[in-house]
Amino acid sequence: MTQGLCIGVLGSYGGRNLGDEAILSGLLADLRSQEPNARIIVFSRNPAHTALTHPDVEAVPWEGVSRADSSLMLAQLDLLILGGGGILYDREARRYLRVVRVAQERGLPLLTYAVGVGPLSESVDTGMVRETLAGAAEVTVRDQESRMVLEEAGLVNPITVTADPAFLLEPADFPRDYLRAEGVPEGTRLVGMSVREPGRAAERLDVDGYHRLLAQIADFLVHRIDAHVLFVPMERDDIRHSHGVMTHMTAADRGRILHNDYSPQQVLGLMRHFDIAVGMRLHFLIFAAMVGTPFLPLPYAGKVFDLAQRLGVPALRGVEREVEGPLLAEVDRLWDERDARAAATAQRVAEVCEQARGTSQVTRGVLESLRSQALTRTGVT
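These figures come from a predicted structure and were not determined experimentally.

**Student:** Please provide a residue-by-residue account of the domain arrangement of the protein, values included.
**Tutor:** What the domain assignment lists for the protein is domain 1 (6-161) and domain 2 (176-351). Computed over C-alpha atoms only, the centres of domain 1 and domain 2 are separated by 30 Å. Listed by partner, the interface residues are 13 residues for domain 1 and 18 residues for domain 2. For the pairing of domain 1 and domain 2, the buried interface totals around 1,200 Å² over both sides, and the portion due to carbon and sulfur atoms is 52%. At the junction of domain 1 with domain 2, the criterion picks out zero salt bridges. At the level of secondary structure, the elements contributing two or more residues to the side of domain 1 that touches domain 2 comprise helix H1 (18-34) and helix H6 (144-153). Its residues assigned to classes, the side of domain 1 that touches domain 2 comprises four nonpolar, four polar and five charged.

**Student:** So, the packing of aromatic side chains: which residues are in play, and what are the values?
**Tutor:** All told, the structure shown has four aromatic pairs when counted by the stated rule. Their ring planes at 55° and their centres at 5.0 Å tell us that Phe174 and Tyr262 sit as a pair that is tilted. In this pair, Phe174 sits in the loop between strand S7 (160-161) and helix H7 (176-181) while Tyr262 sits in the loop between strand S10 (255-257) and helix H10 (264-270), placing the two residues 88 residues apart along the sequence. Each of the two residues, Phe174 as well as Tyr262, counts as buried. Taken together, the ring pairs in this structure connect Phe174, Tyr178 and Tyr262 into an aromatic cluster. Over the ring of Trp335 we find Arg338; its NZ or CZ atom is 3.6 Å from the centre of that ring.

**Student:** Provide a residue-level description of the sheet that holds strand S11 (residues 276-279), including the pertinent values.
**Tutor:** Spatial strand order, S10-S9-S8-S11-S12: five strands in an open sheet with parallel pairing. This sheet does not close on itself; its edge strands, each paired only once, are S10 and strand S12 (295-297). Strand after strand, the sheet turns through a mean of 20° between neighbouring axes, direction not considered. Bridge count for strand S8 (residues 189-194) against S11 is four bridges, and the pairing is parallel. Directly across from Ser194, in S11, lies its bridge partner Gly279. Here helix H8 (residues 207-225) sits on the sheet and contacts S8, strand S9 (227-231) and S11; the angle it forms with S8, its principal contact strand, is near 165°. The sheet strands contacting helix H9 (residues 236-247) are S9 and S10, and the helix crosses S10 at an angle near 170°.

**Student:** Describe in detail the environment of Glu131, supporting the description with residues and values.
**Tutor:** Here Glu131 shows up in helix H5 (residues 123-133). Among the polar contacts made by the side chain of Glu131, one reaches the side chain of Arg101 at a distance of 2.8 Å.

**Student:** Give a detailed account of the side chain of Thr363, specifying residues and quantitative values.
**Tutor:** Considering the arrangement of structural elements, one finds Thr363 in helix H14 (residues 338-377). For Thr363, a relative accessible area of 0% translates into the label buried. Each residue touching Thr363, except ones within four places of it in the same chain, is listed here: Leu31, Gln34, Leu111 and Tyr113.

**Student:** Which residues make up the pairing of S11, and what are the values?
**Tutor:** Burial of S11 is two-sided: the residues Ile276 and Val278 facing one way and the residues Ala277 and Gly279 facing the other way are all buried. As paired elements, S11 and S12 share three bridges and run parallel to each other. Bridged to Val278 within S12 is Leu296.

Definitions and limits used
- Residues numbered from 1 in each chain as written.
- Predicted model: local features only at pLDDT ≥ 70, side-chain atom pairs only at ≥ 80, totals over all residues.
- Heavy atoms only, no water.
- Domains from an automatic or database assignment.
- Contact = heavy atoms within 4.5 Å.
- Buried area = accessible area lost by both parts, 1.4 Å probe.
- Salt bridge = Lys/Arg side-chain N within 4 Å of Asp/Glu carboxyl O.
- Helix = DSSP H or I, 4+ residues; strand = E, 2+ residues; numbered from the N terminus.
- Nonpolar A, V, L, I, M, F, W, Y, C, P; charged D, E, K, R; others polar.
- Phe/Tyr/Trp six-rings, centres within 6.5 Å; stacked < 30°, edge-to-face > 60°.
- Buried < 20%, exposed > 50% of the residue type's maximum accessible area, 1.4 Å probe, protein only.
- Lys NZ or Arg CZ within 6 Å of the ring centre and 35° of its normal.
- Pairing = 2+ DSSP bridges.
- Axes fitted to C-alpha atoms, helices over the stretch in contact; angles between N-to-C directions.
- Polar contact = N/O pair within 3.5 Å; in protein donor to acceptor, adjacent residues only side chain to side chain.

Below you can see the structure in the form of structure tokens.
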């Protein structure tokens, strides 16, 4: 068997965030298809979790690791991949780029894989992003906003806009038995909801007011389409906010929170059971789009607006008390127009999936170059 390349992957992995784990799954599947014999080392926040989830890779820590120890691990690599996911933003970018800079000092090629960028306003992070990515072999980002942020930061490299690696995933089966085990009755319409901390989406609402507003949406759907609501936490803190919303629902007996642990592919399969999906988490919305479930984004960040724009889906500009009426009207309109919108959305989704495969094409070029260099070094022609 021909020895493959040694590839490092650095991102926000091992943190039990389903979106980040979906990104890693899509990225690793892509790498395996292109370089089956590769030795892949994932730099993870929780190496034990990553090794358990992906037994065909090596998982090592990167947080709290000394420069000398990082250098020893990086010395084994032929390529370092940064991304995907939204990791290059204020105060966080510098942490990832500390590892990248050690790699570049060793002459290691860098590829950014459909990375998300922004907001970037702090000079330390902006400068590190500009200077570090200037030395990258290829820069690919997952959306137009990320490209604009990099350009505003002063990066002059060519920037390729692709799409989130989660669009490369295939759904796993999610049997109805799983729903029964979660307390969801059979023979009823089912609404999927994703909530998270309010953040910039509802800056002028306190948390209690934010929960009340989302509870109104849930109650509206329960009564409008005679449905049950299943809250889908994409990371641990979402559970707390889901409970907060349910405490304000007048129809709380029609609400459930997904409790068991599932893989990203299983949650993608779960989305097929929903008649409609309303949510904030980016990958919850991506999953709905991928399986054709009608969805309404409740935007909290530019990446969600970008997704809505790419897929031609309406998205309100915030989750505020004064827009409660338009928000409920948009939910109502989505239900009424769900069949009419389906074909157009499916076409857009197919286009975005193709854009996600564009990252593979860029990666393929870098890998072919590295393989050629390796053959030259060993004297093989």
